[in-house]
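Read off the chains here:
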Amino acid sequence: MRGRFGSYGVIVTGGARGIGEAIARRFAAEGAAVLIADRDAAGAEATAASIRAGGGSAEACACDVADTASVDAAVARAVDAFGTLDVLVNNAYRCAEDKGRFAAEDDEEWRLDLDVTLVGAMRCTRAALPHLAAAPGRRGAVVNIGSVNGIASFGNHSYSAAKAGLMSLTRTLAVQAAPSGVRVNLVAPGTIRTPAWDGREAALETAAALYPLGRVGEPADIAGAVTFLASADAAWITGVTLPVDGGILISN
Ligand code: NDP
(Lines give C-alpha, C1' and ligand atoms only; values in the text may rest on other atoms or scores of the structure.)
Protein backbone atom coordinates (compact mmCIF):
# COMPACT_ATOMS: atom_id res chain seq x y z
CA MET A 1 0.00 0.00 0.00
CA ARG A 2 1.36 3.43 -0.91
CA GLY A 3 1.25 6.62 1.10
CA ARG A 4 3.29 8.87 3.31
CA PHE A 5 4.41 5.93 5.45
CA GLY A 6 5.12 3.24 2.86
CA SER A 7 8.00 1.05 4.19
CA TYR A 8 7.64 2.50 7.72
CA GLY A 9 7.44 0.30 10.80
CA VAL A 10 5.30 1.82 13.55
CA ILE A 11 4.47 0.83 17.13
CA VAL A 12 1.33 2.18 18.81
CA THR A 13 0.98 1.36 22.50
CA GLY A 14 -2.58 1.02 23.76
CA GLY A 15 -3.60 0.68 20.11
CA ALA A 16 -6.39 -1.85 20.57
CA ARG A 17 -9.12 0.77 20.87
CA GLY A 18 -9.92 4.46 21.12
CA ILE A 19 -7.33 7.01 20.08
CA GLY A 20 -4.57 4.42 19.71
CA GLU A 21 -6.72 2.36 17.37
CA ALA A 22 -7.46 5.42 15.20
CA ILE A 23 -3.75 6.23 15.07
CA ALA A 24 -2.87 2.65 14.08
CA ARG A 25 -5.56 2.64 11.39
CA ARG A 26 -4.38 5.96 9.96
CA PHE A 27 -0.73 4.87 9.75
CA ALA A 28 -1.76 1.59 8.13
CA ALA A 29 -4.04 3.41 5.67
CA GLU A 30 -1.03 5.48 4.64
CA GLY A 31 1.20 2.49 4.01
CA ALA A 32 2.89 1.68 7.33
CA ALA A 33 3.26 -1.73 8.93
CA VAL A 34 1.88 -1.27 12.44
CA LEU A 35 2.44 -3.22 15.64
CA ILE A 36 -0.46 -2.75 18.02
CA ALA A 37 1.05 -3.25 21.46
CA ASP A 38 -1.66 -3.40 24.08
CA ARG A 39 -2.33 -4.93 27.47
CA ASP A 40 -5.59 -6.16 25.93
CA ALA A 41 -4.15 -8.91 23.71
CA ALA A 42 -7.50 -9.99 22.25
CA GLY A 43 -8.51 -6.41 21.46
CA ALA A 44 -5.14 -5.75 19.83
CA GLU A 45 -5.48 -8.87 17.67
CA ALA A 46 -9.05 -7.92 16.68
CA THR A 47 -7.92 -4.44 15.59
CA ALA A 48 -4.90 -5.81 13.72
CA ALA A 49 -7.08 -8.41 11.97
CA SER A 50 -9.55 -5.73 10.97
CA ILE A 51 -6.74 -3.58 9.51
CA ARG A 52 -5.41 -6.58 7.59
CA ALA A 53 -8.90 -7.35 6.30
CA GLY A 54 -8.99 -3.83 4.90
CA GLY A 55 -5.72 -4.40 3.03
CA GLY A 56 -3.38 -2.82 5.58
CA SER A 57 -0.39 -4.31 7.36
CA ALA A 58 -0.75 -4.81 11.11
CA GLU A 59 0.31 -7.19 13.84
CA ALA A 60 -0.73 -7.46 17.44
CA CYS A 61 1.32 -8.03 20.54
CA ALA A 62 0.38 -8.37 24.20
CA CYS A 63 2.32 -5.64 25.96
CA ASP A 64 2.13 -3.97 29.35
CA VAL A 65 4.10 -0.72 29.28
CA ALA A 66 4.54 -1.04 33.05
CA ASP A 67 6.71 -4.12 32.48
CA THR A 68 10.20 -3.62 31.05
CA ALA A 69 10.57 -7.18 29.69
CA SER A 70 7.19 -6.93 27.98
CA VAL A 71 8.13 -3.60 26.38
CA ASP A 72 11.53 -4.86 25.22
CA ALA A 73 9.85 -7.92 23.67
CA ALA A 74 7.33 -5.75 21.81
CA VAL A 75 10.05 -3.58 20.32
CA ALA A 76 12.07 -6.65 19.32
CA ARG A 77 8.95 -8.13 17.74
CA ALA A 78 8.36 -5.01 15.62
CA VAL A 79 11.97 -4.87 14.44
CA ASP A 80 11.89 -8.57 13.66
CA ALA A 81 8.59 -8.38 11.78
CA PHE A 82 9.12 -5.12 9.90
CA GLY A 83 12.91 -4.95 9.58
CA THR A 84 12.75 -1.29 10.54
CA LEU A 85 11.26 0.82 13.32
CA ASP A 86 10.53 4.38 12.29
CA VAL A 87 7.79 5.67 14.59
CA LEU A 88 6.83 5.03 18.20
CA VAL A 89 3.53 6.37 19.52
CA ASN A 90 3.36 6.35 23.32
CA ASN A 91 -0.40 6.28 23.86
CA ALA A 92 -1.02 3.80 26.72
CA TYR A 93 -1.96 5.46 29.99
CA ARG A 94 -3.52 5.01 33.39
CA CYS A 95 -5.82 7.46 35.13
CA ALA A 96 -6.83 6.95 38.75
CA GLU A 97 -10.38 7.78 39.70
CA ASP A 98 -10.58 11.45 40.69
CA LYS A 99 -11.58 11.44 44.35
CA GLY A 100 -12.32 15.17 44.27
CA ARG A 101 -10.59 15.78 47.57
CA PHE A 102 -6.83 16.09 47.80
CA ALA A 103 -6.79 14.51 51.25
CA ALA A 104 -8.09 11.32 49.61
CA GLU A 105 -5.12 11.02 47.22
CA ASP A 106 -3.61 7.57 47.41
CA ASP A 107 0.13 6.74 47.25
CA GLU A 108 -0.35 3.53 45.30
CA GLU A 109 -2.69 5.14 42.73
CA TRP A 110 -0.12 7.89 42.17
CA ARG A 111 2.64 5.30 41.77
CA LEU A 112 0.59 3.34 39.24
CA ASP A 113 -0.46 6.41 37.21
CA LEU A 114 3.11 7.64 36.95
CA ASP A 115 4.46 4.15 36.28
CA VAL A 116 2.17 3.48 33.32
CA THR A 117 1.71 6.94 31.82
CA LEU A 118 5.14 8.50 32.32
CA VAL A 119 7.64 5.74 33.09
CA GLY A 120 5.87 3.49 30.55
CA ALA A 121 6.60 6.02 27.80
CA MET A 122 10.23 6.17 28.97
CA ARG A 123 10.51 2.34 28.88
CA CYS A 124 9.11 2.15 25.34
CA THR A 125 11.25 5.02 24.09
CA ARG A 126 14.41 3.61 25.71
CA ALA A 127 13.88 0.30 23.93
CA ALA A 128 12.92 1.87 20.61
CA LEU A 129 15.47 4.68 20.38
CA PRO A 130 18.44 2.75 18.95
CA HIS A 131 16.17 1.40 16.20
CA LEU A 132 14.57 4.79 15.53
CA ALA A 133 18.06 6.28 15.25
CA ALA A 134 18.88 3.68 12.61
CA ALA A 135 15.78 4.47 10.53
CA PRO A 136 16.59 5.40 6.95
CA GLY A 137 16.79 9.08 6.01
CA ARG A 138 16.79 10.33 9.63
CA ARG A 139 13.03 9.77 9.68
CA GLY A 140 12.75 8.24 13.17
CA ALA A 141 10.07 9.89 15.33
CA VAL A 142 8.43 9.55 18.71
CA VAL A 143 4.97 10.98 19.25
CA ASN A 144 3.79 11.06 22.84
CA ILE A 145 0.12 11.37 23.67
CA GLY A 146 -0.29 13.89 26.46
CA SER A 147 -3.41 15.73 27.50
CA VAL A 148 -4.68 19.25 28.04
CA ASN A 149 -4.64 18.09 31.68
CA GLY A 150 -0.86 18.33 31.54
CA ILE A 151 -1.11 22.00 30.58
CA ALA A 152 -4.10 23.46 32.41
CA SER A 153 -6.00 22.56 35.55
CA PHE A 154 -8.82 20.14 34.74
CA GLY A 155 -8.44 17.87 37.78
CA ASN A 156 -7.05 14.33 38.24
CA HIS A 157 -3.84 15.23 40.04
CA SER A 158 -1.78 12.10 39.39
CA TYR A 159 -2.84 11.75 35.73
CA SER A 160 -2.18 15.46 35.11
CA ALA A 161 1.23 15.26 36.78
CA ALA A 162 2.13 12.25 34.64
CA LYS A 163 1.05 14.06 31.45
CA ALA A 164 2.98 17.21 32.44
CA GLY A 165 6.01 14.99 33.05
CA LEU A 166 5.57 13.55 29.58
CA MET A 167 5.80 17.07 28.13
CA SER A 168 9.08 17.58 29.97
CA LEU A 169 10.39 14.22 28.75
CA THR A 170 9.40 15.23 25.22
CA ARG A 171 11.54 18.36 25.42
CA THR A 172 14.60 16.87 27.11
CA LEU A 173 14.62 13.80 24.88
CA ALA A 174 14.07 15.89 21.74
CA VAL A 175 17.35 17.67 22.40
CA GLN A 176 19.24 14.46 23.22
CA ALA A 177 17.88 12.55 20.24
CA ALA A 178 18.24 15.34 17.69
CA PRO A 179 21.81 14.47 16.61
CA SER A 180 20.55 11.04 15.54
CA GLY A 181 17.75 12.66 13.54
CA VAL A 182 15.01 11.31 15.80
CA ARG A 183 12.29 13.87 16.51
CA VAL A 184 10.19 13.76 19.68
CA ASN A 185 6.88 15.60 19.91
CA LEU A 186 3.68 15.46 21.92
CA VAL A 187 0.02 15.79 21.01
CA ALA A 188 -2.18 17.05 23.85
CA PRO A 189 -5.81 16.08 23.21
CA GLY A 190 -8.84 17.70 24.75
CA THR A 191 -11.91 15.57 25.44
CA ILE A 192 -12.11 12.79 22.85
CA ARG A 193 -15.03 10.42 22.41
CA THR A 194 -13.48 6.99 23.08
CA PRO A 195 -14.48 3.85 25.01
CA ALA A 196 -12.87 5.50 28.06
CA TRP A 197 -16.03 7.66 28.14
CA ASP A 198 -18.51 4.77 27.76
CA GLY A 199 -21.53 5.26 30.01
CA ARG A 200 -20.76 8.96 30.51
CA GLU A 201 -22.71 10.47 27.58
CA ALA A 202 -24.07 13.28 29.75
CA ALA A 203 -20.54 14.29 30.75
CA LEU A 204 -19.50 14.34 27.09
CA GLU A 205 -22.47 16.57 26.24
CA THR A 206 -21.60 18.94 29.06
CA ALA A 207 -18.00 19.00 27.89
CA ALA A 208 -18.99 19.65 24.27
CA ALA A 209 -20.73 22.86 25.28
CA LEU A 210 -17.46 24.17 26.77
CA TYR A 211 -15.48 23.74 23.57
CA PRO A 212 -15.23 26.82 21.32
CA LEU A 213 -15.52 24.59 18.25
CA GLY A 214 -18.80 23.27 19.63
CA ARG A 215 -18.05 19.58 19.97
CA VAL A 216 -15.76 17.12 21.69
CA GLY A 217 -13.02 15.56 19.59
CA GLU A 218 -13.04 12.27 17.74
CA PRO A 219 -10.11 9.81 17.68
CA ALA A 220 -9.49 10.71 14.02
CA ASP A 221 -8.79 14.32 15.07
CA ILE A 222 -5.82 13.06 17.08
CA ALA A 223 -4.67 10.56 14.44
CA GLY A 224 -4.36 13.39 11.92
CA ALA A 225 -2.11 15.41 14.22
CA VAL A 226 0.01 12.40 15.20
CA THR A 227 0.64 11.34 11.61
CA PHE A 228 1.50 14.94 10.69
CA LEU A 229 4.13 15.11 13.46
CA ALA A 230 5.54 11.73 12.38
CA SER A 231 5.67 12.71 8.71
CA ALA A 232 8.27 14.43 6.56
CA ASP A 233 6.08 17.56 6.63
CA ALA A 234 7.20 17.97 10.26
CA ALA A 235 10.89 17.27 9.53
CA TRP A 236 12.01 20.44 11.34
CA ILE A 237 9.63 20.18 14.29
CA THR A 238 10.88 18.65 17.49
CA GLY A 239 10.22 19.05 21.21
CA VAL A 240 6.81 20.67 20.77
CA THR A 241 3.50 20.15 22.51
CA LEU A 242 0.64 20.41 20.02
CA PRO A 243 -2.75 20.88 21.67
CA VAL A 244 -5.56 19.32 19.62
CA ASP A 245 -8.35 20.58 21.76
CA GLY A 246 -11.11 22.40 19.91
CA GLY A 247 -9.84 25.66 21.40
CA ILE A 248 -10.47 24.80 25.07
CA LEU A 249 -7.03 25.99 26.25
CA ILE A 250 -7.38 29.46 24.75
CA SER A 251 -10.96 29.92 25.92
CA ASN A 252 -10.16 30.15 29.63
P1 NDP B 1 -8.91 3.99 26.10
O2 NDP B 1 -9.07 3.73 27.56
O3 NDP B 1 -10.11 3.99 25.22
O4 NDP B 1 -7.86 2.95 25.47
C5 NDP B 1 -6.61 2.77 26.09
C6 NDP B 1 -5.99 1.47 25.63
O7 NDP B 1 -4.70 1.38 26.27
C8 NDP B 1 -6.78 0.25 26.04
O9 NDP B 1 -6.78 -0.72 25.01
C10 NDP B 1 -6.01 -0.24 27.27
O11 NDP B 1 -6.13 -1.62 27.53
C12 NDP B 1 -4.60 0.09 26.87
N13 NDP B 1 -3.71 0.11 28.04
C14 NDP B 1 -4.00 0.54 29.29
N15 NDP B 1 -2.96 0.34 30.10
C16 NDP B 1 -1.98 -0.22 29.36
C17 NDP B 1 -0.68 -0.70 29.64
N18 NDP B 1 -0.18 -0.64 30.88
N19 NDP B 1 0.06 -1.23 28.63
C20 NDP B 1 -0.45 -1.32 27.39
N21 NDP B 1 -1.70 -0.91 27.06
C22 NDP B 1 -2.46 -0.37 28.03
O23 NDP B 1 -8.10 5.38 26.03
P24 NDP B 1 -8.24 6.65 25.05
O25 NDP B 1 -8.20 6.20 23.65
O26 NDP B 1 -9.37 7.50 25.53
O27 NDP B 1 -6.90 7.46 25.40
C28 NDP B 1 -5.71 7.23 24.68
C29 NDP B 1 -4.70 8.31 25.05
O30 NDP B 1 -5.25 9.60 24.87
C31 NDP B 1 -4.22 8.27 26.51
O32 NDP B 1 -2.85 8.59 26.56
C33 NDP B 1 -5.05 9.36 27.17
O34 NDP B 1 -4.42 9.90 28.31
C35 NDP B 1 -5.10 10.38 26.03
N36 NDP B 1 -6.21 11.31 26.18
C37 NDP B 1 -7.50 10.88 26.05
C38 NDP B 1 -8.54 11.78 26.19
C39 NDP B 1 -9.98 11.39 26.06
O40 NDP B 1 -10.85 12.22 26.34
N41 NDP B 1 -10.29 10.17 25.61
C42 NDP B 1 -8.27 13.21 26.51
C43 NDP B 1 -6.88 13.53 26.62
C44 NDP B 1 -5.89 12.61 26.46
P45 NDP B 1 -7.17 -2.16 28.68
O46 NDP B 1 -8.47 -2.33 27.97
O47 NDP B 1 -6.55 -3.42 29.15
O48 NDP B 1 -7.21 -1.09 29.75
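Before going into details, it helps to say that this report is about the structure given with it.

Conventions we followed
Residues numbered from 1 in each chain as written. Predicted model: local features only at pLDDT ≥ 70, side-chain atom pairs only at ≥ 80, totals over all residues. Core = buried A, V, L, I, M, F, W, Y, C linked by C-beta atoms within 7 Å. Buried ≥ 20, exposed ≤ 12 C-beta atoms within 10 Å, placed from the backbone. Helix = DSSP H or I, 4+ residues; strand = E, 2+ residues; numbered from the N terminus. Near = placed C-beta within 6 Å. Nonpolar A, V, L, I, M, F, W, Y, C, P; charged D, E, K, R; others polar. Pairing = 2+ DSSP bridges. Axes fitted to C-alpha atoms, helices over the stretch in contact; angles between N-to-C directions. Contact = placed C-beta atoms within 7 Å. Parallel < 35°, antiparallel > 145°, perpendicular 65-115°, else oblique. Left-handed = near helix turned anticlockwise from the far one by under 90°.

Among the nonpolar cores identified, the biggest contains 71 residues, and Ile-11, Ile-23, Val-34, Ile-36 and Val-226 are the most heavily contacted of them. Counting residues per element, this core draws most heavily on helix H4 (residues 107-133), which supplies 8 residues.

Around the ligand, 29 residues are found, and the nearest of them are Gly-14, Gly-18, Ile-19, Tyr-93 and Thr-194. Elements with a contribution of two residues or more to the shell around the ligand: helix H1 (18-29) and H4. Considering every element that reaches the shell around the ligand, the biggest residue donor is H1, with 3 residues. Class assignment for the residues of the shell around the ligand results in 13 nonpolar, 10 polar and 6 charged.

Mapped onto the secondary structure, Pro-179 falls in the loop between helix H5 (157-177) and strand E6 (183-189). In sequence terms Pro-179 and Ala-37 are 142 residues apart; their C-alpha atoms lie 28 Å from each other.

Taken in spatial order, the 7 strands of this open sheet run E3-E2-E1-E4-E5-E6-E7, and their pairing is parallel. Edge strands, defined here as strands with exactly one partner in the open sheet, are strand E3 (57-62) and strand E7 (241-244). Between one strand axis and the next, the sheet turns through 20° on average, direction left out of account. For E6 and E7, the ladder comprises 4 bridges, and the chain directions are parallel. When the sheet's bridge partners are listed, Leu-186 is paired in E7 with Thr-241. Packing of helix H7 (residues 219-230) onto the sheet brings it into contact with strand E4 (87-90), strand E5 (141-145), E6 and E7, and relative to E6 it is tilted by some 165°.

A word on the packing of H4 against H5. Contact geometry of H4 with H5 gives a least axis separation of 9 Å together with a crossing angle of 20°. Comparing their axes, H5 and H4 come out roughly parallel. Between H4 and H5 lies a crossing whose hand is right-handed. For the pair H4 and H5, the contacting residues are Glu-109, Trp-110, Asp-113, Leu-114, Thr-117, Leu-118, Ala-121, Met-122, Thr-125 and Leu-129 in the first and Ser-158, Tyr-159, Ala-162, Lys-163, Gly-165, Leu-166, Leu-169, Leu-173 and Ala-177 in the second. Residues that form the contact of H4 with H5 fall into these classes: 12 nonpolar, 4 polar and 3 charged.

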